[in-house]
Amino acid sequence: MTDWNAMSDAEFRKEVHQFFETEYPEELRHLPHRPKFAEIEHWHRKLHTKGWVAPAWPAEYGGMGLNAAKLLIFYEEQQRGGVNRGRDMGVQMVGPLIIKFGTQKQKDYWLPRILSCEDIWCQGYSEPGAGSDLANLRTRAEFDGDDFVINGQKIWTTMAHDATHIFMLVRTDPNAPKKQQGISFLLAPMDQPGVDVRTITTLSGETEFCEVFFDNARTPRENLVGELNKGWSMAKALLSFERIFIGSPGLAQNALGQLESFARGRGAFDDPVFRDRFAQAALDVEDHAALYARFADQLRRGETLGADVSMLKIWVTECLQRITELMIEAAGPDGGTVGPLQVGNVSVDVLASFYKARPTTIYGGSNEIQRNILSKAVLGLPD
Amino acid sequence: MTQTDMLSSDQEDLRLLRESARTLFERAGGSGRARKLRDAGGGWDSDMIGELAGAGVFGVTVPEANGGLGMGLAAGGVIAEEVGRVIAPEPVVLTIGLSLGLLRRLRPDHPKMEQLINGETTLAVAWQERGPGGAPADATCRYVDGKLTGSKAWVVGAAGSHGFLVVAGGHNGLALVLTEATADGLSVDKRVQADGSSLGELSFSGTPAEQLAEGSAVQDALAEAISDATALAAAELVGLSDRAFEITLDYIKAREQFDKPIGSFQVIQHRAVDLNVMLEVAQACVLEVLAQMDCETVPKIRARLASRAKARAVTAAKKITRDAIQLHGAVGYTDEFDIGLYLNRALVLSAWLGDDVYHRRIWLDAREEEGAAQ
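Residues numbered from 1 in each chain as written. Chains lettered and ligands numbered in written order. Predicted model: local features only at pLDDT ≥ 70, side-chain atom pairs only at ≥ 80, totals over all residues. Heavy atoms only, no water.

**Details of the overall build of chain B**
Okay, so step 1: Per the secondary structure count, chain B includes eleven helices and ten strands.
Okay, so step 2: Each principal axis of the C-alpha distribution contributes one length, and for chain B these read about 75 × 50 × 40 Å.
Okay, so step 3: Going through the 374 residues of chain B one by one, you find that 55% of them count as buried.
Okay, so step 4: Sequence-distant contacts, at least 24 apart, represent 73% of the contacts inside chain B between residues at least 6 apart.
Okay, so step 5: About 15600 Å² of surface is accessible on chain B, with carbon and sulfur atoms providing 52% of the total.
Okay, so step 6: Side chains of chain B carry 37 positive and 51 negative charges; the gap between the two charge centres is 5 Å. (Helix = DSSP H or I, 4+ residues; strand = E, 2+ residues; numbered from the N terminus. Buried < 20%, exposed > 50% of the residue type's maximum accessible area, 1.4 Å probe, protein only. Contact = heavy atoms within 4.5 Å. Areas by Shrake-Rupley, 256 points an atom, 1.4 Å probe, with all protein chains shown as cover. Lys, Arg positive; Asp, Glu negative; His and termini not counted. Charge placed at Lys NZ, Arg CZ, Asp CG, Glu CD.)

**Focus on the overall build of chain A**
Okay, so step 1: For chain A, the count of helices and strands is twelve helices and ten strands.
Okay, so step 2: Here the C-alpha radius of gyration of chain A, 22 Å, is about what a compact globule of 383 residues would show, namely 21 Å.
Okay, so step 3: Seen through its C-alpha atoms, chain A measures out along the principal axes to roughly 70 × 45 × 45 Å.
Okay, so step 4: Considering only residue pairs separated by 6 or more positions, chain A has 71% of its internal contacts joining residues 24 or more positions apart.
Okay, so step 5: For chain A, the exposed surface amounts to about 17300 Å²; the carbon and sulfur share of it is 51%.
Okay, so step 6: Distance between charge centres in chain A, computed from 41 positive and 51 negative side chains, equals 4 Å. (Rg over C-alpha atoms; globule rule 2.2 N^0.38 Å.)

**A look at the side chain of Thr 157 of chain A**
All names here are of chain A.
Okay, so step 1: Relative to the helices and strands, Thr 157 resides in the loop between strand S3 (147–155) and strand S4 (165–171).
Okay, so step 2: Overall, the relative accessible area of 0% leaves Thr 157 in the buried class.
Okay, so step 3: Dropping the residues within four chain positions of it, Thr 157 is found in contact with Cys 122, Gln 123, Ile 166, Glu 208, Phe 209, Cys 210 and Val 212.

**Quick look at the interface of chain B and chain A**
Okay, so step 1: Tallying the contact residues gives 32 residues for chain B and 32 residues for chain A.
Okay, so step 2: Both sides together, the interface formed by chain B and chain A hides about 2900 Å², and carbon and sulfur atoms give 59% of it.
Okay, so step 3: Inspection of the chain B/chain A interface yields 18 residue pairs in polar contact (both at pLDDT 80 or more).
Okay, so step 4: Secondary structure elements with two or more residues in the side of chain B that touches chain A: helix H7 (216–254), strand S10 (260–261), helix H8 (266–295), helix H9 (299–328) and helix H11 (356–373) of chain B.
Okay, so step 5: Per-element tally for the side of chain B that touches chain A: the top contributor is H8 of chain B, with 14 residues.
Okay, so step 6: Class assignment for the residues of the side of chain B that touches chain A results in 15 nonpolar, six polar and eleven charged. (Buried area = accessible area lost by both parts, 1.4 Å probe. Polar contact = N/O pair within 3.5 Å; in protein donor to acceptor, adjacent residues only side chain to side chain. Nonpolar A, V, L, I, M, F, W, Y, C, P; charged D, E, K, R; others polar.)

**Things to note about the packing of aromatic side chains**
Residues and elements named next belong to chain A.
Okay, so step 1: The full count for this structure, using the stated rule, is 24 aromatic pairs over all chains.
Okay, so step 2: Taken together, a centroid distance of 5.4 Å and an interplanar angle of 70° make the contact between Trp 110 and Trp 121 edge-to-face. One end of the pair, Trp 110, is in helix H5 (residues 104–116); the other, Trp 121, is in strand S1 (residues 121–124), with eleven residues separating them in the sequence.
Okay, so step 3: The buried category is assigned to Trp 121, whose relative accessible area is 2%.
Okay, so step 4: Their ring planes at 25° and their centres at 6.2 Å tell us that Phe 274 and Phe 278 sit as a pair that is stacked. With Phe 274 and Phe 278 both in helix H9 (residues 272–300), this residue pair falls four residues apart, about one helical turn.
Okay, so step 5: Judged by relative accessible area, which is 0%, Phe 278 ranks as buried.
Okay, so step 6: Joined through ring pairs, the aromatic side chains of Trp 4, Phe 12, Phe 19, Phe 20, Tyr 24, Trp 43, Trp 52, Phe 74, Tyr 75 and Phe 245 make up one cluster.
Okay, so step 7: For the cation-ring pair, Arg 264 lies above Phe 269, with the distance from its terminal atom to the ring centre recorded as 3.8 Å. (Phe/Tyr/Trp six-rings, centres within 6.5 Å; stacked < 30°, edge-to-face > 60°. Lys NZ or Arg CZ within 6 Å of the ring centre and 35° of its normal.)

**Let's talk about the UniProt feature "domain: Acyl-CoA dehydrogenase/oxidase N-terminal" (unreviewed entry) in chain A**
Okay, so step 1: UniProt tags residues 11–117 of chain A as "domain: Acyl-CoA dehydrogenase/oxidase N-terminal" (unreviewed entry).
Okay, so step 2: Each end of residues 11–117 of chain A is marked by a C-alpha atom, and these two atoms are 29 Å apart; helix forms 62% of the span and strand 0%. (UniProt positions renumbered as here; feature names shortened; annotations may be inferred.)

**Points about the pattern of salt bridges**
Any two side chains of opposite charge can pair if their charged atoms end up close together.
Okay, so step 1: In total, this model carries 69 salt bridges over all chains according to the counting rule given.
Okay, so step 2: With its nearest N and O atoms 3.0 Å apart, the salt bridge here joins Arg 371 of chain A to Glu 318 of chain A. Of the two residues, Arg 371 of chain A is situated in helix H12 (residues 367–377) and Glu 318 of chain A in helix H10 (residues 310–331); the sequence distance between them amounts to 53 residues.
Okay, so step 3: The class for Glu 318 of chain A is partly exposed, based on a relative accessible area of 23%.
Okay, so step 4: A salt bridge links Arg 107 of chain B to Asp 109 of chain B; its shortest N-O distance comes to 3.1 Å.
Okay, so step 5: A residue is classified by how much of its surface remains accessible, and Asp 109 of chain B, at 55% relative accessible area, is exposed. (Salt bridge = Lys/Arg side-chain N within 4 Å of Asp/Glu carboxyl O.)

**Concerning the pairing of strand S3 (residues 147–156) of chain B**
Residues and elements named next belong to chain B.
Okay, so step 1: In terms of strand pairing, strand S2 (residues 142–144) meets S3 through three bridges, oriented antiparallel. Its bridge partner being in S3, Val 144 is matched across the sheet by Lys 147.
Okay, so step 2: Taken together, S2 and the strand that follows it, S3, pair antiparallel across an intervening segment of two residues, in which Asp 145 is found at a positive phi of about 50°.
Okay, so step 3: Bridge count for S3 against strand S7 (residues 198–208) is eight bridges, and the pairing is antiparallel. The partner of Lys 152 across the bridge, within S7, is Leu 202. (Pairing = 2+ DSSP bridges.)

**Section: the environment of Trp 121 of chain A**
Okay, so step 1: Distance in space between the C-alpha atoms of Trp 121 of chain A and Ala 163 of chain A is 5.3 Å, their sequence separation being 42 residues.
Okay, so step 2: Once residues within four sequence positions are removed from consideration, Trp 121 of chain A is found in contact with Arg 87, Met 89, Gly 90, Val 94, Trp 110, Ile 114, Ala 163, His 165, Ile 166, Phe 167 and Leu 187 of chain A.

**A short note on H9 of chain A**
Residues and elements named next belong to chain A.
Okay, so step 1: Taking 1.5 Å of rise per residue, 29 residues should cover 42 Å, and H9 covers 41 Å from first to last C-alpha, within 8% of that figure.
Okay, so step 2: Two or three places before Val 273, at the opening of H9, Asp 271 has a side-chain oxygen 3.0 Å from that residue's backbone nitrogen.
Okay, so step 3: Taken from the residues just after H9, Gly 302 is the one with a positive phi, measuring 80°. (Expected span 1.5 Å × (residues − 1).)

**Quick look at the packing of H9 of chain A against H10 of chain A**
Between two packed helices, the angle of one axis relative to the other and the distance separating the axes together describe the packing.
All names here are of chain A.
Okay, so step 1: The N-to-C vectors of H9 and H10 enclose an angle of 155°; their axes lie 10 Å apart at closest approach. By the angle class used here, H9 and H10 are roughly antiparallel. Seen along the crossing, H9 lies across H10 with a hand that is left-handed. Where H9 abuts H10, its residues Phe 274, Arg 277, Phe 278, Ala 281, Asp 284, Val 285, His 288, Leu 291, Tyr 292 and Phe 295 lie against Met 311, Leu 312, Trp 315, Val 316, Cys 319, Arg 322, Ile 323, Leu 326, Glu 329 and Ala 330. (Axes fitted to C-alpha atoms, helices over the stretch in contact; angles between N-to-C directions. Parallel < 35°, antiparallel > 145°, perpendicular 65-115°, else oblique. Left-handed = near helix turned anticlockwise from the far one by under 90°.)

**Concerning the environment of Asn 372 of chain A**
Okay, so step 1: Within the secondary structure, Asn 372 of chain A sits in helix H12.
Okay, so step 2: Apart from the residues lying within four places of it in its own chain, the contact partners of Asn 372 of chain A are Gln 266 and His 270 of chain B.

**Let's talk about the side chain of Glu 208 of chain A**
Okay, so step 1: For Glu 208 of chain A, the location among the structural elements is in the loop between strand S6 (195–200) and strand S7 (209–220).
Okay, so step 2: Engagement of the side chain of Glu 208 of chain A in a polar contact is seen with the side chain of Arg 34 of chain A, the distance being 3.3 Å.

**Overview of the nonpolar core**
Okay, so step 1: Counting 115 residues, the largest nonpolar core has Ile 244 of chain A together with Leu 98, Leu 102 and Leu 165 of chain B as the members making the most contacts within it.
Okay, so step 2: Residue contributions to this core peak at 19 residues, all from H7 of chain B.
Okay, so step 3: The residues touching Leu 102 of chain B, leaving out its near neighbours within four places in the chain, are Arg 107, Val 125, Leu 165, Leu 176, Ala 221, Leu 222 and Ala 225 of chain B.
Okay, so step 4: Of all hydrophobic cores here, the second largest spans 50 residues; its members include Val 53, Trp 110, Ile 183 and Val 225 of chain A. (Core = buried A, V, L, I, M, F, W, Y, C linked by side-chain atoms within 4.5 Å.)

**Digging into the confidence of the model for chain B**
For residues with low pLDDT, the predicted coordinates do not support detailed interpretation.
Okay, so step 1: The pLDDT averaged across chain B works out to 95; a share of 97% of its residues lies at or above 70.
Okay, so step 2: With pTM at 0.92, the complex prediction returns an ipTM value of 0.93. (pLDDT = per-residue confidence, 0-100.)

**Some details on the environment of Leu 347 of chain B**
All names here are of chain B.
Okay, so step 1: Mapped onto the fold, Leu 347 is located in helix H10 (residues 339–351).
Okay, so step 2: According to the relative accessible area criterion, Leu 347 is partly exposed, its value standing at 40%.
Okay, so step 3: Residues Leu 347 and Ala 194 lie 153 residues apart in sequence; the distance between their C-alpha atoms is 7.0 Å.
Okay, so step 4: Excluding its chain neighbours within four sequence positions, the residues that come into contact with Leu 347 are Ala 194 and Arg 322.

Right, here's the structure in full:
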């Protein structure tokens, strides 16, 4: 078993880079859509054989056991190489939760199935009335013999139509004094009569989001993870690493590269107005990377990140949006055209990039919520 | 020693330097001192120059062999930030970046070096001229037979300096010459700036001057000194923005309307967060740039880095000081509150050595040129 953490950062980066460079299928690089499992199954098998499906999990559970600093490098290389994250909800979300709060029996049963993708997971958090105000969720789960019976609706459930299981936050005590209490974390199979999945078509015409309806759906009692009614604090405990990952520079750097080659092909760099706006965007990306490096150094020194890490997400997602807006401007009369635009030997789908950038300021806690967090926790502004 | 240990001992040196500079300025009266000096006619305090020299401030980037601390631009940036925090009018960046930046590269043997480091003298640098380009390469100000003729514009620190380092056209291309403030045939026209300081317009008619250097070396040293000063001015703007934001944050926590602190309103909170994020990005950028400039030897790359820092710092300082006025409300528009002093200083520092738009242009041109060369 390799101790990746003992390697120098440079050595480790080289190793990861090389693997992604030589082993990842070219036709899957920088996929413009979220793939179904069948499309990337071959790549998943390779990762699984290599033992690299779960970089953050401890080695004893089949992960790579990377520390936070090494993990960042892994993800940076993944993004840089345009390597699809695969169907990683199981690895990113349920797995760590089971490792931290699950019983031995749950670990033995579920973890290997996550790594092999025998089970493919989707995340049932948001509801029509519970988005930014997630604790407002209403989907109920009640005991009935050895089962929970689930009734309610989830929404924005990414790729639910290609999942075998859902992990969800449900209300198990409707009479709890605070809305954050009385919420539990449940695992449930999707393939049963009480579960109905409908896809939602997005602005870009994709169908990666779904609504999931529960009408007396059932899941065994043993699929409760952690304590009953304590699901909220467990789910929150998982978010700390996600907060720097979601603010990493990769997406904006890739978009900037696309903008530059596209705009050069279009002759946009002859226009001084475009030049200034491009320079603004490019410097926004470069200076964000300097701030990101400061937080990454904190992880490298083994420190925990504070609430101020939220500023990375605000800056980089809004920057990404400006870059994709510039792509549309550089496209001129083609700015409303669906599909790839060819310039020389570069092909750029400006609308796809534009659409892809829109939800980044909404997901993972909308940027307005992030600003609320910063104003309270960092600036100490009063209620 | 491991690399990490070395890094942290460097960091420790910078922390101590920051602490002593901050104590020195705070003891002298912080930003209140800037107001007094402005009201007294817009100069600086020669006792303060002496104190700063005593702390080693002016020689911070001068090699130890030439009587300085040999600490590099990163340390200069720490000092510049502290100058910015209290909007001190003393010519710190001017001296570290330009006057000593030129002398230490061209004439480290000259007696003026020691006098500048010791704070016994201050020298303003006259390198620009009105007219197309404003650059020294097409200098119409001439140095012939030991005498200067012509004019120079936008000379920062002209009012209080003992003399001038003048870049003029000479026998062999550009010449760097030294003239005293009291020299014959020199007249200084002052243009008052927003912060009460002044820019000098210099006219020479047969003014006696001493040649210090000539030829392409002058051109090269000037370009390097301007890069240094540009990056240090960026650091000064970051310090200024940092303090302007602190003042504003305190104000919105204290000021009550509708029976609540205005800082409890979400629209104010989100604006404050945006300023804070902008500030943090600027701090990270300028720190990174100064550290990279200390390791970089190619002048064009150093110039590109300096432009990146100034572009970011000006963008942040403009936004922060202007929004600070809005968040203060009507009192922000009065001269009574210090926040206006920060706005005014930001206006002056932004215009000096190129604003954000100018530096973005330079930065992109340089980036393209480097890309084409690869």
